[in-house]
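Per-entry structural report
These are the residues of each chain, in order.
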Amino acid sequence: MYSAPDVKKASLNTDTSSLSKIISITGVVANNQLRNTKISIPKKTQLKIKNSSSFNTDGELILNGNIEKPFVLGVINLYDINLPDYKISLNHAAANFNNDSFKTSLNGLKIKNMTINSQITAAPDFLQTRKITNVKISSNMIDMDELLTLSGLLPQTTYAPGPECPFDIQTGEIFIKTYKMNKVFATNVHSNISINNNI
């Protein structure tokens, strides 16, 4: 896929030598299986979503196996994510898939007045096992009333009120400078977390 500022219509005979490559996809997809399917975004590219939402991205991923739960190798970066309808922005997110582990980080996630940073580590087959090895979350402030309002946008459990967590978390830590829920306030909160079957 290519981009050019003044292209007004597509043509199979378009000369691409002067265009800028946005994304390339190579490999084989057959019978719901991926074989060395490479997705490459060679340089930082801005993508826009509806209602003025946008983000920049670059990276390269290689996918194999079942199309719904593939094995993934490579790195993908997201920059300057902006979702103004929900008052959410993110400075940088990075996901690194290798043969030994999966690691991802969120830096400068802003939800209204909250700023959140996180690091996640998992085995490389986490998409198949749905298990996260470790999570670390830190924040200047957590306003649970605001988060609970936004949680309505997520898939909900069928057996109790609240969002569905798609992964089990074996170990984790949360550090919060200021915590608020309704009329309850706390400071310098440190907690260990784990989730098994959404509990």
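Residues numbered from 1 in each chain as written. Predicted model: local features only at pLDDT ≥ 70, side-chain atom pairs only at ≥ 80, totals over all residues. Heavy atoms only, no water.

Re the sheet that holds strand S12 (residues 184-192)
As a reminder, the rule being used: DSSP-based pairing: two strands are paired if at least 2 bridges between them are found. Counting from the N terminus, the helices are DSSP H or I runs at least four residues long and the strands are E runs at least two residues long. The axes are straight lines fitted to the C-alpha atoms, using for helices just the contacting stretch, and the angles between their N-to-C directions are given from 0 to 180°.
With respect to topology, ten strands assemble into an open sheet ordered S3-S4-S5-S6-S7-S8-S9-S10-S11-S12, the strand pairing being mixed. A single partner strand is all that each edge strand has here, and the edge strands are strand S3 (24-30) and S12. Across the sheet, the mean angle from the axis of one strand to that of its neighbour is 10°, orientation sign disregarded. Inspection of the sheet shows strand S8 (residues 102-111) paired to strand S9 (residues 114-122) by eight bridges, in the antiparallel sense. Paired with Thr104 across the strands is Ile120, a residue of S9.

Thoughts on the packing of aromatic side chains
Describing an aromatic ring pair means giving the distance of the ring centres and the angle of the ring planes. To keep things clear, this is the line we draw: Working definition: rings of Phe, Tyr and Trp (its six-membered ring) pair if their centres are within 6.5 Å, and the pair is stacked with planes under 30 degrees apart, edge-to-face with planes over 60 apart, and tilted otherwise. For every residue, the accessible area obtained with a 1.4 Å probe (protein chains only) is divided by the maximum for its type, and the residue is called buried under 20%, exposed over 50%, and partly exposed between those limits. Counted as over-ring charges are cases with an Arg CZ or a Lys NZ within 6 Å of the ring centre that also lie within 35 degrees of the ring normal.
Under the criterion given, the structure shown has four aromatic pairs. Measuring from centroid to centroid gives 4.7 Å for Phe97 and Phe102, while their planes differ by 45°, and the two rings are tilted. Residue class for Phe97 comes out buried when judged on its relative accessible area of 14%. With 6.5 Å between their ring centres and 25° between their planes, Phe97 and Phe126 make a pair best called stacked. Of this pair, Phe97 sits in strand S7 (residues 88-97) while Phe126 is found in helix H1 (residues 126-129), placing the two residues 29 residues apart along the sequence. Chaining the aromatic ring pairs together yields one cluster made of Phe97, Phe102, Phe126 and Phe167. It is Lys44 that lies over the ring of Tyr79; its NZ or CZ is 4.1 Å from the centre.

So, unusual backbone geometry
Although it is not a glycine, Lys112 adopts a positive phi angle of roughly 55°. As for its position among the elements, Lys112 is in the loop between S8 and S9.

Quick word on the pattern of salt bridges
For clarity, the cut-off: We define a salt bridge as a side-chain nitrogen of Lys or Arg found within 4 Å of a carboxyl oxygen belonging to Asp or Glu.
The full count for this structure, using the stated rule, is four salt bridges. Notably, a salt bridge pairs Lys131 with Asp168, separated by 3.6 Å at the nearest N-O pair. Separated by 37 residues along the polypeptide, Lys131 in strand S10 (residues 131-143) and Asp168 in strand S11 (residues 168-181) bring together distant segments of the chain. Judged by its relative accessible area of 38%, Lys131 falls in the partly exposed class. Of the charged contacts in the structure, one is a salt bridge between Asp143 and Lys180, with a shortest N-O distance of 3.8 Å. Taken together, the positions of Asp143 in strand S10 and Lys180 in strand S11 put the pair 37 residues apart, joining distant regions of the chain. For Asp143, a relative accessible area of 12% gives the class buried. Residue Lys180 is classed as partly exposed on the basis of its relative accessible area, which comes to 22%.

A closer look at the side chain of Thr104
The line we're drawing: Polar contact is defined as a pair of N or O atoms within 3.5 Å, subject to the rule that within protein one atom must be able to donate a hydrogen and the other to accept it, and that residues adjacent in sequence are counted only when both atoms are side-chain atoms. By definition, residues are in contact when any of their heavy atoms lie within 4.5 Å.
When you line up the elements, Thr104 lands in strand S8. Judged by relative accessible area, which is 18%, Thr104 ranks as buried. In this structure the side chain of Thr104 is engaged in a polar contact, spanning 2.7 Å, whose partner is the backbone oxygen of Ala94. Thr104 has contacts with Ala94, Ala95, Ser118, Gln119 and Ile120, leaving out every residue within four places of it along the chain.

Regarding the environment of Asp125
Along the chain, Asp125 turns up in the loop between S9 and H1. Taking the C-alpha atoms as reference, Asp125 lies 6.5 Å from Phe71; in sequence the two are 54 residues apart.

Observations concerning the nonpolar core
Quick reminder of the rule: Residues belong to a common nonpolar core when they are buried Ala, Val, Leu, Ile, Met, Phe, Trp, Tyr or Cys residues joined through side-chain atoms within 4.5 Å.
Ranked by size, the top nonpolar core spans 14 residues in total, and within it Ile88, Leu90, Leu109, Ile111, Ile116, Ile142 and Ile176 carry the most contacts. Elements that contribute at least two residues to this core include exactly S7, S8, S9 and S11. Discounting chain neighbours no more than four positions away, the residues touching Ile116 are Leu106, Gly108, Leu109, Ile111, Ile137, Ser138, Ser139 and Ile142. One finds Leu63, Phe97, Phe167 and Ile169 within the second-largest nonpolar core, a separate group that totals 13 residues.

Quick look at the side chain of Ser105
When you line up the elements, Ser105 lands in strand S8. Assessed through its relative accessible area of 17%, Ser105 is described here as buried. The residues contacting Ser105, other than those within four sequence positions of it, are His92, Ala93, Ala94, Ser118 and Gln119.

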